[in-house]
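# Summary of the model geometry
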Amino acid sequence: MADNTAVLLQAMRMGGSLPPEIVDYMYHNGAFLLFLGFPQASEFGIDYKSWKTGERFMGLKMIPPGVHFVYCSIKSAPRIGFFHNFKAGEIVVKKWNQETETFEDEEVPTDQIQEKKRQLKTMDSSLAPYPYENYRSWYGLTDFITAETVSRIHPVLGRITSQAELVSLETEFMEEAEREHKETHFRNRVDRENPVRTRFVDQHGLPIMKIREGYEIRFQEIPPLTLSQSRVGIEYSDRLFRLLRGLGGSWKELLAEMQIAFVCFLMGQVFEGFEQWKRIIHLMSCCPNSLGSEKELFMNFIRVLFFQLKECPTDFFIDIVSRDNFLTTTLSMLFANVRDSAHAGAELKTKTEKFKQYLTNQFKWDFDCE
């Protein structure tokens, strides 16, 4: 089975259960995730599927190679999760820390891998099989995401959470001074007339907060507007090209970032993922001068966005996406730019028009309002 992903997708297309030979192959060649010590009756999920854990739950088996998102929650707390590029036959071990209420890595030394694999046989009944009924949808949602994407974006401390640890700039400054033991430097920056006053505040006098270092999802920064762009109207191709250069010139990596941002929000429930997703869509919708030179990017952008909107729960649009008419307003610009472009090409024009019609029929969105 040279390309097991293609075989799995074909099996998914046929519907029903996996053929016995594929089940056997994935048991011996799929990855394992041991999630030890996780509390009973808590939420645990991978990709599109989540469960309430039983008392014997110890992890997952038969995970298809590739990038997956694992997440969990206890006592209705915010989800915490991680992306991982699972390799064929790999064993990943996480242990739940009851005190900190989070998971920790447990490395498996190379010389212990075979012994760990033998132990899996005794744990088999406590390992849930990967939910293959959702694999085709997951693959379509993440097909541009690679191990390099995960490595570039994933938080340094290895956890993605909707309730990341926040710290005020005041506290961060004081902690840094304490770590460096530079008391003289610290005293020189104290406001002597108001020694208890918070020095880093916003316009309302509230402390300025930021995500503590190591917890941030490291999304690529969208290049800011230049002075000339703020004067000549909505044409952001230069910003798009600067963004692509920052991603090594790869338009596939830009779409990978769009996909991983969407997953962070949809499955990880992290609002910053939604914000980055919106920023990318807005930028892509405002680049009429690059529709010809970047045809492949725009063709695939429409496919990615189509699949994302197609896979979303209905209430997702009502509660979040449709708020403030962000998509209708933004995509109206994209559709008008493609329609009026002399360089977009017939294939891109046709694909865009079909996408527009799908959104109009499916969600009753009106893109023709001036």
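Computed from a predicted structure; not experimentally measured.

### Looking at the pairing of strand 4 (residues 59–63)
- Burial of strand 4 is extensive: five of the five residues sit out of reach of the surface.
- Taken together, the three bridges between strand 1 (residues 31–36) and strand 4 define a ladder with antiparallel strand orientation. Each residue of the ladder has a partner; that of Ala31, found in strand 4, is Ile63.

### Looking at the sheet that holds strand 5 (residues 66–73)
- Spatially, 3-2-5-6-10 is the arrangement adopted by the five strands of the open sheet, whose pairing is antiparallel. Single-partner strands in this sheet number two, and they are strand 3 (49–52) and strand 10 (160–161).
- Pairing between strand 2 (residues 43–46) and strand 5: four bridges, direction antiparallel. Within strand 5, the position partnered with Gly45 by the bridge is Tyr71.

### Regarding the state of the cysteines
- Going through the model one piece at a time under the given rule, you end up with zero disulfides.
- Cys287 takes part in no disulfide bond, and the closest cysteine sulfur to it belongs to Cys286, at a distance of 6.7 Å.

### Notes on the environment of Ala88
- Its place among the elements puts Ala88 in the loop between strand 6 (80–86) and strand 7 (91–97).
- Given the relative accessible area of 54%, Ala88 is considered exposed.
- Remark: the alpha-carbon pair of Ala88 and Phe32, spanning 56 residues in sequence, is separated by 9.1 Å.
- Residues within four places of Ala88 in sequence aside, it is in contact with Asn29 and Pro65.

### Some thoughts on the packing of aromatic side chains
- Under the definition given, this model contains 27 aromatic pairs.
- Ring centres of Phe335 and Phe367 lie 5.0 Å apart, and the angle between their planes is 85°; on these two criteria the pair is classed as edge-to-face. Within this pair, whereas Phe335 is found in helix 14 (residues 326–340), its partner Phe367 is found in the segment after helix 15 (346–363), the two being separated by 32 residues in sequence. The same class applies to Phe335 as to Phe367, namely buried.
- Taken together, Phe35, Phe38, Phe44, Phe57, Phe82, Trp96 and Phe103 form an aromatic cluster joined through their ring pairs.
- The residue whose ring lies beneath Lys94 is Phe82, and the NZ or CZ to ring-centre distance is 4.3 Å.
- In this structure, Lys278 is placed above the aromatic ring of Phe326, and the distance from its NZ or CZ to the ring centre is 5.3 Å.

### Remarks on helix 11 (residues 271–284)
- With 14 residues, helix 11 ought to run about 20 Å at 1.5 Å a step, and its terminal C-alpha atoms sit 20 Å apart, in line with that.
- Buried within helix 11 we find Gly273, Phe274, Gln276, Trp277, Ile280, Ile281, Leu283 and Met284.

The rules behind these values
Residue numbers restart at each chain and count upward from 1, following the sequence in its written direction. Two thresholds apply to this predicted model, a pLDDT of at least 70 for residue-level local features and 80 or more for giving and counting side-chain atom pairs, whereas whole-chain, interface and lining totals are computed over all residues. To obtain the side-chain values, all non-hydrogen atoms of the structure were used and water was disregarded. For the exposure calls, accessible area comes from a 1.4 Å probe over protein chains only, and a residue counts as buried if that area is under 20% of its type's maximum, exposed if over 50%, partly exposed in between. Strands are runs of DSSP state E lasting at least two residues, helices are runs of H or I lasting at least four, and both sets are numbered from the N terminus onward. Only strands that DSSP links by at least two bridges are regarded as paired with each other. Pairs of cysteine sulfur atoms within 2.5 Å are what we label disulfides. Contact between two residues is taken to exist if any of their heavy atoms lie within 4.5 Å; hydrogens are not considered. Pairing of aromatic rings covers Phe, Tyr and Trp, the last counted by its six-membered ring, and requires centre-to-centre distances within 6.5 Å; plane angles under 30 degrees mean stacked, over 60 mean edge-to-face, and any other angle means tilted. Should the NZ of a Lys or the CZ of an Arg lie within 6 Å of a ring centre and within 35 degrees of the ring normal, that charge is described as sitting over the ring. A helix's residues, less one, multiplied by 1.5 Å, set its expected span.

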